[in-house]
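# Structural characterization, general
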Amino acid sequence: MSVATVSRVLNDYPDVSDETRERVLATIREMDWTPDRAARLLATGRSHTVGVILETGPGHPDLQHPFFQEVLGGLKGIVGEEGFDLLLFGSTRTRTVGSGSSFLNRARHHRLEGVVIMGVDRNDPQVEALTRSGIPCMAIDQDFSGGRTGYVSSDNVAGAALAVRHLVELGHRRIALIGGPADTRPGVDRLLGYRRELRRLGLQSRPGWVVEGDFYPDSGYRAMQELLGAAEPPTAVFAASDLMAAGALRALEERGIRVPDQVSVLGFDDIPLASLLRPALSTVHQDGEALGRAAGEALLQMVAEPDREAPTITVPVELVIRGSSGPVPADVAEGG
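A brief structural summary. Nothing here was measured: the structure is a model prediction, and the numbers come from that model.

Let us now look at the overall build of the protein. Counting its regular elements, the protein contains twelve helices and twelve strands. The buried share of the protein, taken over its 336 residues, is 49%. Counting contacts in the protein only where the partners sit at least 6 residues apart, residues at least 24 apart contribute 69% of the total. As displayed, the protein has an accessible area near 16400 Å², and 50% of this comes from carbon and sulfur atoms.

Listed below in structure tokens is the structure:
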């Protein structure tokens, strides 16, 4: 067979007879042959590789976080089906935009066809340079836009409203929030949903009932201790992540406070740990795999269609009721 014929079979051109196609494929199977990726890149100019930037700050275990694992699983499934590989940026320490280790330069060095962005600093000049470079980008839970950059996020405002409404329906009026960082989209939107739903229901968030955390357990533990020291402690706490809710549960257990008999706790994410806690955690379920799939599908569409506009996608959430949320304590209900 000529090189051209083999190439046409490998690239699935239609103008090859079935007999010729099968002879080529049989020989490939017999020889256990794979194409030379570097040579193919030189010939086609395409790497069939999507980059992933994941950076959640010093001391935070990026790849160990259950939410990011779910997102990466959904992303891997979609791009893998289309014959693309994922390249995770190994170094998360930022340099100047013009340096060889900047996000943009690394993306160009590896000939990435697109990039998925998670957890990075919203104001990082490297990220801005990448998102405005013309390389297709999809951010997850971060509202980047510009050039060919879009984003996908859960409906965080609606999810927080679901949490507050559930607690109010149980009779709670003193509802506190352990919020996410104010410089993150989920942190801002979950605070917005919490406050908006309280107002809609004729309630107020009193001073001292909103404590900022960082989505990780230790901050939830410290925030719960602070809330318990308030002049009028809350009867229910909505934590903007399950890990912070787990930290809050630990603080309550150490103080001998029963959940949900004395204080109800509700989280956000529905990570696998949520159902294993005792009591099992009521939470707002967001579909990490769906976020990853949506980002992957949108990114590959932009790769295939250079003129395609970068989308903004919102994935719905739902309330999952377990054992950590219950009616307001009787003495509180009677006392108003």
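Once you've had a look at it, read on.
For the structure shown, the criterion picks out 14 salt bridges. Its salt-bridge partner being Asp143, residue Arg185 comes within 2.9 Å of it at the nearest N-O pair. One end of the pair, Arg185, is in helix H8 (residues 185-200); the other, Asp143, is in the loop between strand S4 (137-140) and strand S5 (149-154), with 42 residues separating them in the sequence. A residue is classified by how much of its surface remains accessible, and Arg185, at 27% relative accessible area, is partly exposed. Overall, Asp143 belongs to the partly exposed group, its relative accessible area being 24%. Here the salt bridges do not stand alone but share partners, grouping Asp143, Arg185 and Asp189 into one network.

This paragraph deals with the side chain of Asp242. Within the element layout of this structure, Asp242 appears in helix H10 (residues 242-254). We note that Asp242 is buried and unpaired, the nearest opposite charge coming from Arg322 at a distance of 6.1 Å. Of note is the side chain of Asp242, whose polar atom sits 2.6 Å from the side chain of Thr283. Ignoring any residue separated from it by four or fewer positions in sequence, one finds Asp242 in contact with Gly267, Phe268, Asp269, Asp270, Ile271, Ala274, Leu281 and Thr283.

Moving on: helix H7 (residues 156-169). For H7, built from 14 residues, the straight-helix expectation of 20 Å at 1.5 Å per residue is met to within 8% by its first-to-last C-alpha distance of 20 Å. Most of H7 sits inside the fold, with ten of its 14 residues counted as buried. Burial in H7 covers these residues: Asn156, Val157, Gly159, Ala160, Ala161, Ala163, Val164, His166, Leu167 and Val168. Immediately beyond the C-terminal end of H7, within one or two residues, lies Gly171, with a positive phi of roughly 100°.

Time to look at the pairing of strand S3 (residues 114-118). A large share of S3 lies buried, amounting to five of its five residues. Pairing of strand S1 (residues 49-54) with S3, which is carried by five bridges, proceeds in the parallel orientation. Following the sheet pairing, Leu54 is matched in S3 by Met118. With four bridges connecting them, S3 and S4 associate as parallel partners. Residue pairing in the sheet places Val115 in a bridge with Cys137 of S4.

If you look at soluble globular proteins, the nonpolar side chains tend to sit buried side by side. One finds Ile178, Tyr194, Met224, Phe238, Leu252 and Val265 to be the most contacted residues of the largest nonpolar core, which totals 46 residues. Those elements giving two or more residues to this core turn out to be H7, strand S6 (175-179), H8, helix H9 (217-228), strand S8 (236-239), H10 and strand S9 (264-269). The element best represented in this core is H10, accounting for eight residues. Each residue touching Tyr194, except ones within four places of it in the same chain, is listed here: Ala160, Val164, Ile175, Ala176, Leu177, Ser205, Trp209, Val210 and Phe238. Counting 27 residues, the second-largest nonpolar core is a separate cluster that includes Val71, Leu75, Val79 and Met118.

Our next topic: the packing of aromatic side chains. Enumeration over the complete set of coordinates arrives at three aromatic pairs. Seen from their ring centres, Phe238 and Phe268 are 6.5 Å apart, and the 45° between their planes marks the pair as tilted. Of this pair, Phe238 sits in strand S8 while Phe268 sits in strand S9; the two residues are 30 residues apart in sequence, bridging distant segments of the chain. Per residue, the accessibility class of Phe238 equals that of Phe268, and both read buried. A cation over an aromatic ring shows up here: Arg250 above the ring of Tyr221, its NZ or CZ 3.9 Å from the ring centre.

Counting through the fold element by element, Thr283 comes out in strand S10 (residues 282-285). In this structure the side chain of Thr283 is engaged in a polar contact, spanning 3.2 Å, whose partner is the backbone oxygen of Gly267.

It is worth spelling out unusual backbone geometry at this point. Residue Pro260 is bonded to the preceding Val259 through a cis peptide linkage, with omega at 5°. Relative to the assigned elements, Pro260 resides in the loop between H10 and S9. A cis amide bond links Arg278 with the next residue in sequence, Pro279, at an omega value of 0°. Relative to the elements of secondary structure, Pro279 occurs in the loop between S9 and S10. Unusually for a residue other than glycine, Phe215 sits at a positive phi of about 80°. By the secondary structure assignment, Phe215 is in the loop between strand S7 (210-212) and H9. Since its relative accessible area comes to 16%, Phe215 is described here as buried.

About the criteria used
- Residues numbered from 1 in each chain as written.
- Predicted model: local features only at pLDDT ≥ 70, side-chain atom pairs only at ≥ 80, totals over all residues.
- Heavy atoms only, no water.
- Helix = DSSP H or I, 4+ residues; strand = E, 2+ residues; numbered from the N terminus.
- Buried < 20%, exposed > 50% of the residue type's maximum accessible area, 1.4 Å probe, protein only.
- Contact = heavy atoms within 4.5 Å.
- Areas by Shrake-Rupley, 256 points an atom, 1.4 Å probe, with all protein chains shown as cover.
- Salt bridge = Lys/Arg side-chain N within 4 Å of Asp/Glu carboxyl O.
- Lys, Arg positive; Asp, Glu negative; His and termini not counted.
- Polar contact = N/O pair within 3.5 Å; in protein donor to acceptor, adjacent residues only side chain to side chain.
- Expected span 1.5 Å × (residues − 1).
- Pairing = 2+ DSSP bridges.
- Core = buried A, V, L, I, M, F, W, Y, C linked by side-chain atoms within 4.5 Å.
- Phe/Tyr/Trp six-rings, centres within 6.5 Å; stacked < 30°, edge-to-face > 60°.
- Lys NZ or Arg CZ within 6 Å of the ring centre and 35° of its normal.

That is the geometry; function is a separate question.
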